[in-house]
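# Geometric and topological summary
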Amino acid sequence: MEGKEGLQIERYKSIALLDSGVGGLTVVKEIYKQLPNESIVYFGDTAHMPYGPRPYEQVRGFVYEIIDFLQTQEIKAVVVACNSAASAGLDYYKERVNLPLFGVIEPGVRAALKQTITNKIGVIGTTGTIESGSYQDVFKRLAPDVQLYSQPCPLFVLIVENGLVNSPEARLVAEEYLAPLKEAEIDTLILGCTHYPLMTDVIQEVMGANVKLISSAEETAREAKEVLFKNDFLQDEHHKDGPSRRFFVSGPAKPFTDLAVNLIGGEIKAYQVLLPW
Ligand code: DGL
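Quick look at the structure, then. (Residues numbered from 1 in each chain as written. Predicted model: local features only at pLDDT ≥ 70, side-chain atom pairs only at ≥ 80, totals over all residues. Heavy atoms only, no water.)

### Observations concerning the packing of helix 2 (residues 25-34) against helix 13 (residues 253-264)
In contact at an axis separation of 10 Å, helix 2 and helix 13 are set at 45 degrees when each is read in the N-to-C sense. One element, helix 2, and the other, helix 13, form an angle in the oblique class. In terms of crossing hand, the pair formed by helix 2 and helix 13 is right-handed. Across the interface between the two elements, L25, V28, K29 and Y32 from helix 2 touch F256, A260, L263 and I264 from helix 13. Of the residues in the contact of helix 2 with helix 13, the class split is 7 nonpolar, no polar and 1 charged. (Axes fitted to C-alpha atoms, helices over the stretch in contact; angles between N-to-C directions. Helix = DSSP H or I, 4+ residues; strand = E, 2+ residues; numbered from the N terminus. Parallel < 35°, antiparallel > 145°, perpendicular 65-115°, else oblique. Left-handed = near helix turned anticlockwise from the far one by under 90°. Contact = heavy atoms within 4.5 Å. Nonpolar A, V, L, I, M, F, W, Y, C, P; charged D, E, K, R; others polar.)

### Thoughts on the layout of surface pockets
Looking at the largest pocket, its volume works out to about 430 Å³. Around the largest pocket, the lining comprises 19 residues; the ones closest to its centre are A86, L90, I105, V138 and R141. Among the secondary structure elements, those contributing two or more residues to the lining of the largest pocket are helix 4 (83-87), helix 5 (90-96), strand 4 (101-102), helix 6 (105-115) and helix 8 (134-142). Of all the elements, helix 8 adds the most residues to the lining of the largest pocket, at 4 residues. Across the lining of the largest pocket, the residue classes break down as 8 nonpolar, 5 polar and 6 charged. Looking at the second largest pocket, the residues that line it are L25, T26, K29, E30, K33, P197, L198, S215, A217, E218, L263 and I264. Secondary-structure elements contributing two or more residues to the lining of the second largest pocket are helix 2, helix 12 (216-230) and helix 13. Sorting elements by how many residues they give to the lining of the second largest pocket places helix 2 first, with 5 residues. Considering only residue class, the lining of the second largest pocket consists of 6 nonpolar, 2 polar and 4 charged. (1 Å grid on protein atoms, 1.4 Å probe; cavity = no way out; pocket = protein on both sides within 12 Å on 5 of 7 lines; lining within 4 Å. Points joined across faces, edges and corners; volume = space filled by probe spheres on them.)

Pasting the structure below:
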């Protein structure tokens, strides 16, 4: 629809977010804060979690199906709220939709550049994200002088999805993974997986108080605001029924709902969707 009325309808549509599980909820939480009038629709591909160890082509196949499903849900933008999915091929997904689509990697890099003083930055992520070199590529483009130290932390996702964030095992695993980054004396650490902000306490304890931890969630929500504003899709009015918040998962709904309520609060009802994989 063209004209003012058309824009009005676009504004009422939802921001779509996707992840392999609960990690993308860290971005949802920031959207609630920064864009309280926006409706969201979230997809957690829990049947295929974790994405990190999978071949990129397979991850792309999953994401295509999710994007096709999300496009049936009255959406106005897509946030790939998963570093592993974004690393597997953000540009491919852009070709699949005729809507603004962006990921979490570039916002994370920008946030880190605002914080670092020594230009020695670390990034942790899944094996897929780290091996793809997606962070190196963005740093090369935006700040080639930065010394980047990267470290895969594959077990962190399973620790989060199984509710073990405060366990002694989480601490042991974190010490092991983070030792090389401590040795490198970085001053800023990018949590290059949307699950990792849920482990902030243990990561900060192990790295020490002087290392700044960067969650891309905040910067990604800011990017969402900017992109919607530019397209004139920003929902700046408060709707009398409040924004709608819908959650879909590919695995059983209950475990996701329990974790999600814990992480972002409020009343959450998730629905299982069986996609043709
Ligand atoms: N939250 C994810 C990421 O940002 C996915 C982790 C996974 O499924 O392995 O990479």
